[in-house]
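Close look at the chain arrangement
What follows is each chain in one-letter form.
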Amino acid sequence: MAEAPVVWVLNGPNLNLLGKREPHIYGHETMADVEAECRTLLSAHGVTLRFHQSNREYEIVDWIHEAREGGAGMVINPAAFTHTSVAVRDALATFSGPIIEVHISNVHKREPFRHHSYVSDIATGTIVGLGTQGYTLALQRVLRLIGAERG
């Protein structure tokens, strides 16, 4: 029997404060809420979820390296690393599956330094400004791209 495909959802710095930090920008849902929605969606399609959040750049890079070994697809919200991390970008460039970049807020309506992404040019697609629903939309696209979409 074939193993279930694995999809990774990675989250960068300060997203551990989701629901508490600037709820007028990021909403009231927590990281646990996001993880539960992602898990429910993927399990309905027989797909395994690897969900992580870190404030440490090296951990994000290490998880991307780990995902290279059998990860079918990835959703990443690099948060502040979007605008600063060549290391995260270079690691993502080594991942062969689809990558969807997600941002809860519309970064293009915010401070000018948030307008540049080191990730967007290598991502399969980008979702911005749709709140935490962006994660499930991104996962639906990954499911289609990896051929795991059901019904």
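A brief look at the structure comes next. (Residues numbered from 1 in each chain as written. Predicted model: local features only at pLDDT ≥ 70, side-chain atom pairs only at ≥ 80, totals over all residues. Heavy atoms only, no water.)

So, about helix 5 (residues 133-146). The end-to-end C-alpha distance of helix 5 is 20 Å, a good match for the 20 Å that 14 residues give at a rise of 1.5 Å each. All buried positions along helix 5 are accounted for by Gly-134, Tyr-135, Thr-136, Ala-138, Leu-139, Val-142 and Leu-143. Immediately downstream of helix 5, the backbone of Gly-147 shows phi near 75°, a positive value. (Helix = DSSP H or I, 4+ residues; strand = E, 2+ residues; numbered from the N terminus. Expected span 1.5 Å × (residues − 1). Buried < 20%, exposed > 50% of the residue type's maximum accessible area, 1.4 Å probe, protein only.)

This next bit is on the nonpolar core. With 25 residues, the main nonpolar core has Val-75, Tyr-135 and Leu-139 as its most contacted residues. Going through the elements one at a time, strand 1 (6-11), helix 2 (31-43), strand 2 (48-53), strand 4 (99-103) and helix 5 are the ones with two or more residues in this core. Filtering out sequence-adjacent residues up to four positions away, Leu-139 remains in contact with Val-7, Val-9, Cys-38, Leu-41, Leu-42 and Val-75. Listed in part, the 18 residues of the second largest apolar core include Ile-64, Phe-81, Phe-95 and Ala-123. (Core = buried A, V, L, I, M, F, W, Y, C linked by side-chain atoms within 4.5 Å. Contact = heavy atoms within 4.5 Å.)

For the rest of this paragraph, the subject is unusual backbone geometry. For Asn-14, which is not glycine, the phi torsion reads 75° and is therefore positive. Within the element layout of this structure, Asn-14 appears in the loop between strand 1 and helix 1 (23-26).

Turning to its location among the elements, Pro-5 is positioned in the segment before strand 1. What makes Pro-5 partly exposed here is its relative accessible area of 31%. Sequence separation of Pro-5 and His-108 is 103 residues, and the distance between their C-alpha atoms is 33 Å.

Let's shift gears to the pattern of salt bridges. In total, this model carries 3 salt bridges according to the counting rule given. Across the pair Arg-56 and Glu-59 runs a salt bridge whose closest N-O atoms are separated by 3.7 Å. With a shortest N-O distance of 2.8 Å, Asp-121 and Arg-89 are connected by a salt bridge. Taken together, the positions of Asp-121 in the loop between strand 4 and strand 5 (125-128) and Arg-89 in helix 4 (residues 86-92) put the pair 32 residues apart, joining distant regions of the chain. (Salt bridge = Lys/Arg side-chain N within 4 Å of Asp/Glu carboxyl O.)

In this section: the pairing of strand 4. Most of strand 4 is tucked away: 5 of the 5 residues are buried. Side-chain alternation along strand 4 places Ile-99, Glu-101 and His-103 on one buried face and Ile-100 and Val-102 on a second face that is also buried. Strand direction decides the pairing type here: strand 3 (residues 71-77) and strand 4, joined by 3 bridges, are parallel. Within strand 4, the residue paired with Val-75 across the bridge is Ile-100. (Pairing = 2+ DSSP bridges.)

For the rest of this paragraph, the subject is the sheet that holds strand 1. In space, the 5 strands of this open sheet follow the order 2-1-3-4-5, with parallel pairing throughout. Single-partner strands in this sheet number two, and they are strand 2 and strand 5. Each strand axis lies, on average, 15° off the axis of its neighbour in the sheet, ignoring direction. Sheet topology places strand 1 next to strand 2; 6 bridges connect them, and they run parallel. In the sheet register, Trp-8 faces strand 2, and the bridge partner there is Arg-50. Strand contacts of helix 2: strand 1 and strand 2, with the helix running at about 165° to strand 2, the strand carrying the most contacts. Contacts from helix 3 (residues 57-67) reach strand 1, strand 2 and strand 3 within the one sheet, and its direction differs from that of strand 1 by about 170°. (Axes fitted to C-alpha atoms, helices over the stretch in contact; angles between N-to-C directions.)

Side chains of residues three or four places apart in an α-helix project in the same direction, reflecting 3.6 residues per turn. Over its 13 residues, helix 2 extends 18 Å from the first C-alpha to the last, a length consistent with the 18 Å expected when each residue adds 1.5 Å. Every buried residue of helix 2 is listed here: Met-31, Val-34, Cys-38, Leu-41 and Leu-42. Along the axis of helix 2, the buried residues cluster in a sector spanning 95°; they form a single face. Along helix 2, the residues that are exposed and aim more than 90 degrees away from the buried face are Ala-32 and Thr-40. (Arc of directions from axis to C-beta.)

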